[in-house]
Amino acid sequence: MEPLTQRSTLSEMPMRYANITDERFKFLDSFLKASNSAIVITTTSSDDYSIVFANHAFEELTGYESHEILGRNCRFLQSKDRRQPQRAAIRAKLSEGKPCECVIRNYKKSGVLFWNRIYIFPLTVDGKVSNFVSIQHDASAEKVLLSAAKENSRDRDRLIKELNAKRLKMERLSVELINAQEAERQAVARELHDEFGQRLSTVMMLLHRARPDFLPAADKTLMGQAEAEVGELLRLVRDISASLRPPGLDLFGLEESIRELLRRQLRSTSAWSFDFSYSGERLLPAIEISMYRIIQESLTNIVRHAQASHVVVKISTFRNGKEIKLLVLDDGLGFDSSSWYENNAKASKFGLVGISERVQLLGGTYNIMTEINRGTRIEVTLPIRVQGSP
């Protein structure tokens, strides 16, 4: 088969092989001309890879007529827009006689820019590359969509970055809010202990000193009752002060503070067990005090409402050490959990609601599983943030 040159057309190409009939050649010629894909054929007989064939679809794509195309190099479609890296890639593949694919900026006869997706592959005659076939498609719409997708991707990345920044800011503000609440509680606890508690202690001392002045037995009985009332009031003030700010949390850590809390709140009501398996670095104060408050509120509800005979508290790591998990279980009366949040909020019972909101502030999860007469299971997970972390 002779190679196509710029002085020949596809229909004039002579046949050299017996297995290629005129009918099959005509069919190929008809197919190329009728194809909806823009097709050009260039020759290697010139150094400039001149165009020797262009079908009607190529004329439609570019706006040029056949006589304006034949004999020219395809680069004329680039107009003056020659600084495109794809040009060098195409030249390298052509010099090697290898196929290639690229998307390049081309210009119609009208001057309108379009993105041309080009597939180039070689034709060989007697083992040598004689021509290159180029199939071309207008990829402008694809480029527009791709550009829009990239822009959307940039917008998405920007929004994700902004959301992450806002999330980090919210986490910092949440920790600051919890710390502020605890500082206020600590101040109230200090006032109760240092002022009210001290004054009650002074009243108790005065009652003791005044006891000898009350000679009648009835007066001494009244004195004893007064001393008992003041003593009970003093104990109540100390308990309230301790509940407002656990005195041992900063000094002895979370494990011992929770153990003491269990002893104090369940000393006369329920048997209890406590399993503490966290062995990492000291947690952020806001995390520690929040876990303490969650257990404290849970125990208060158990004592007041559950009538439980046994309570279990477990603290462990979760999700490969990224979260800390807290479980509080009891075998008490339980309650209807179908709408506990709304019901407690409407009834101004903010204990469980407060726990849920505190957990959400810290980016954790909170779940209550309970049924009437089937006990209650409170499950909390919080992200592990240790002291000194940002």
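Summary of the structure given here. This structure is a prediction, so every number in the text was calculated from the model and none was measured. (Residues numbered from 1 in each chain as written. Predicted model: local features only at pLDDT ≥ 70, side-chain atom pairs only at ≥ 80, totals over all residues. Heavy atoms only, no water.)

What to know about the packing of helix α7 (residues 249–265) against helix α8 (residues 285–306)
- With their axes 10 Å apart at the nearest point, α7 and α8 run at an angle of 5° to one another. On the basis of their axis angle, the class for α7 and α8 is roughly parallel. For the pair α7 and α8, the contacting residues are Leu249, Leu254, Ser257, Ile258, Leu261, Leu262, Arg264 and Gln265 in the first and Glu288, Ile289, Met291, Tyr292, Ile295, Gln296, Leu299, Thr300 and Val303 in the second.
- Residue composition of the contact of α7 with α8, grouped by class: 11 nonpolar, 4 polar and 2 charged. (Axes fitted to C-alpha atoms, helices over the stretch in contact; angles between N-to-C directions. Helix = DSSP H or I, 4+ residues; strand = E, 2+ residues; numbered from the N terminus. Parallel < 35°, antiparallel > 145°, perpendicular 65-115°, else oblique. Contact = heavy atoms within 4.5 Å. Nonpolar A, V, L, I, M, F, W, Y, C, P; charged D, E, K, R; others polar.)

So, the sheet that holds strand β3 (residues 100–107)
- Pairing in this open sheet of 5 strands is antiparallel, and the strands run β2-β1-β5-β4-β3 from one edge to the other. Looking at which strands have only one partner, the edges of the open sheet turn out to be β2 (51–54) and β3. In this sheet, adjacent strand axes meet at a mean angle of 30° when their direction is disregarded.
- Where strand β1 (residues 38–43) lies against β2, 3 bridges are found, and the strand directions are antiparallel. Following the sheet pairing, Thr42 is matched in β2 by Ile51. (Pairing = 2+ DSSP bridges.)

Thoughts on α7
- With 17 residues, α7 extends just 16 Å between its outermost C-alpha atoms, more than 12% less than the 24 Å of an ideal straight helix rising 1.5 Å per residue.
- The largest bend along α7 measures about 80° and falls at Glu255.
- Turning to α7, its buried residues are Leu249, Gly253, Leu254, Ser257, Ile258, Arg259, Leu261, Leu262 and Arg264. (Expected span 1.5 Å × (residues − 1). Bend = angle between axes of the 7 residues up to and from the residue. Buried < 20%, exposed > 50% of the residue type's maximum accessible area, 1.4 Å probe, protein only.)

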